[in-house]
Amino acid sequence: MDFTQILSGPFATMLLADAGAEVVKLERPDGDPTRHWGPPFVGGESVYFAAFNRGKKSVQLDLKRPDDLGIVRQLALAADVLIENIRPGSLEKYGLGAAELRKVHPGLIYVSIRGYSEFSRRANDPGLEVMLEAESGLMSITGPGEDGMPVRLGVAAIDMMTGLLAVSCVYSALLQRERTGEGAYISVSLEETAALLMTHPWLMYLAGNVEYKAAGTEHPNIAPYEMFSTMDRPLILGAVDDQQFRRLAHALGHPEWPQKSEWATNEARVADRRHLHQSIEKELVTRTAEHWKNTFTRANLPVAIVESVSSAATKWAMSKVPRITARHPTMGLLSWPTSPWKKYGGEMTGPPVLGNATDEVLRTWLEGR
């Protein structure tokens, strides 16, 4: 049973659907809020909703109606796993909290996705991705640095990683249930995920007394390892150790560079990063990004051309890599990148039209109850 909305929960339940779970998505009368997020809308449906809800069946019921609430409770008690990311305390008001349901159904694995940790003084507060990016310091290390303002991440990495952690916890609980017959209550939060993502920056400060600051594409501990201009397009180029830097210097026609005391070691190169960057870029702007990508690839160095979303998406769409596909009644043929649980791609049911499976689920899940 999927009692989730927006992103962290729907991402988790989508991955469980990839793994073969039958996922029933409970939706209120007006549906998951992301059904209304756009543009773009295709065939009257939100692309945002479609991105994270493939492989599910939608059941449209209203918890405020006693008859519907009774049906929802029966569905919850028929489930192996229930995942929710509703505001803390909301489901308890309807008798759908973990403690009450697990009294009747001790094998139930009940997963709550929260904004804040159960150990936090803000445990009952709602939390959103952008709030946790700000509060964890993640936003402060994202962006151009110097005089530039902090920048939110381009995709909701905290939400999506929290969904992944929830999936991992579900698998652990299923294994435990196979051994003991007991289900579990699991709580994961965006706050804990943000802290996990900030392991390195926090430890740099707490153990090393060095503050990790925003610096565009630069890495605080490695040089060179950043974006450079070329004759036409930006290029990411790195040398993560002294051996790689020697190969980079040779590829640029400057075998003498590693002999310079200020560039002989990674520590020295980090200290003289600005001069090093200028010297490398002076060579790179003489040729195209494609030329340098081929040159550095032959030298076995980490290199990549910075692509636009349209370019990267088009290359993926035209490639032969596996993909997940589905036909939607109004959106037409949809394709998604694969996940680890559906690595070889293939067909799935598409993101559900609101309430598309209400009658079917009530018939199959509640038969005989």
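Residues numbered from 1 in each chain as written. Predicted model: local features only at pLDDT ≥ 70, side-chain atom pairs only at ≥ 80, totals over all residues. Heavy atoms only, no water.

### Comments concerning the overall build of the protein chain
Across its full length, the protein chain holds 14 helices and 14 strands. Principal-axis analysis of the C-alpha atoms places the extent of the protein chain at approximately 80 × 45 × 40 Å. Out of the 369 residues belonging to the protein chain, those deemed buried represent 44%. Pairs at least 24 residues apart make up 66% of the contacts formed inside the protein chain by residues separated by at least 6 positions. Approximately 19200 Å² of the protein chain is accessible, and the part contributed by carbon and sulfur atoms is 55%. (Helix = DSSP H or I, 4+ residues; strand = E, 2+ residues; numbered from the N terminus. Buried < 20%, exposed > 50% of the residue type's maximum accessible area, 1.4 Å probe, protein only. Contact = heavy atoms within 4.5 Å. Areas by Shrake-Rupley, 256 points an atom, 1.4 Å probe, with all protein chains shown as cover.)

### Focus: the pairing of strand β12 (residues 324–328)
Counting buried positions along β12 gives four out of five residues, so the element sits mostly inside the fold. Both β12 and strand β13 (residues 332–336) contribute to a ladder of five bridges, which runs antiparallel. In the strand pairing of β13, A326 is matched with L334. Counting the residues that bridge the hairpin from β12 to β13 gives three residues. (Pairing = 2+ DSSP bridges.)

### Section: the nonpolar core
Judged by nonpolar contacts, the single largest core of 23 residues is most densely connected at M1, F3, L75, L82, L101 and W365. Per-element accounting of this core gives the leading share, four residues, to helix α3 (residues 66–78). A223, L252, I280 and A289 belong to the second largest nonpolar core, which has 21 residues in total. (Core = buried A, V, L, I, M, F, W, Y, C linked by side-chain atoms within 4.5 Å.)

### Regarding the sheet that holds β13
Strand pairing in a sheet relies on backbone hydrogen bonds, with the paired strands running either antiparallel or parallel. Taking strand neighbours across the sheet as the criterion, the three strands line up as β13-β12-β14 in an open arrangement whose pairing is mixed. Each of the sheet's edge strands pairs with one partner strand only, and the pair in question is β13 and β14 (346–347).

### Description of the pairing of strand β9 (residues 225–228)
Pairing between β9 and strand β10 (residues 235–238): four bridges, direction antiparallel. When the sheet's bridge partners are listed, E226 is paired in β10 with L237. Hairpin connection from β9 to β10: six residues lie between these consecutive antiparallel strands.

### Observations regarding the sheet that holds β9
Strand order in the open sheet made by the three strands is β9-β10-β11, with antiparallel pairing throughout. The open sheet is flanked by β9 and β11 (303–305), the only strands paired with a single partner. On average, each strand axis in the sheet is tilted by 20° relative to the strand beside it, whichever way the strands run. For β10 and β11, the ladder comprises three bridges, and the chain directions are antiparallel. When the bridges of β11 are listed, L237 appears paired with V303. (Axes fitted to C-alpha atoms, helices over the stretch in contact; angles between N-to-C directions.)

### Here we look at the domain arrangement of the protein chain
By domain assignment, the protein chain separates into domain 1 (2–200 + 313–367) and domain 2 (234–305). For domain 1 versus domain 2, the separation of C-alpha centres amounts to 43 Å. (Domains from an automatic or database assignment.)

### Some details on a nonpolar patch on the surface
Among the surface-exposed residues, L164, Y171 and W341 lie close enough to one another that they form a single nonpolar patch of about 240 Å² accessible area. Mapped onto the elements, W341 comes out in the loop between β13 and β14. The class of W341 is partly exposed, set by a relative accessible area of 30%. (Patch = residues over 30% accessible without salt bridge, like charges linked within 9 Å, V, L, I, M, F, W, Y side chains within 5 Å. Salt bridge = Lys/Arg side-chain N within 4 Å of Asp/Glu carboxyl O.)

### A few points about unusual backbone geometry
Backbone torsion omega between G38 and P39 reads 10°, so that peptide bond is classified as cis. When you line up the elements, P39 lands in the loop between β2 (23–27) and β3 (41–42). Residue P40 is bonded to the preceding P39 through a cis peptide linkage, with omega at 10°. With respect to the helices, strands and loops of the structure, P40 is situated in the loop between β2 and β3. Phi angles above zero are rare outside glycine, and I6 is one such case at about 70°. Looking at where I6 falls in the secondary structure, it is placed in the loop between β1 (2–3) and α1 (8–18). A positive phi angle is found at N300, which is not glycine, with a value near 60°.

### Remarks on the packing of aromatic side chains
Tallying each qualifying case throughout the model produces seven aromatic pairs. Over the ring of F49 we find R35, and its NZ or CZ is 3.9 Å from the ring centre. For the cation-ring pair, R269 lies above F245, with the distance from its terminal atom to the ring centre recorded as 4.4 Å. (Phe/Tyr/Trp six-rings, centres within 6.5 Å; stacked < 30°, edge-to-face > 60°. Lys NZ or Arg CZ within 6 Å of the ring centre and 35° of its normal.)

### Some points on helix α14 (residues 358–365)
Taken as a whole, α14 has its buried residues at T358, V361 and W365. For α14, the buried positions fall inside an angular range of 70° around the axis, keeping them on one side. Counted as exposed and oriented over 90 degrees from the buried face of α14: D359 and R363. Turning to α14, the residues buried within the fold contact β2, β5 (56–60) and α3. (Arc of directions from axis to C-beta.)

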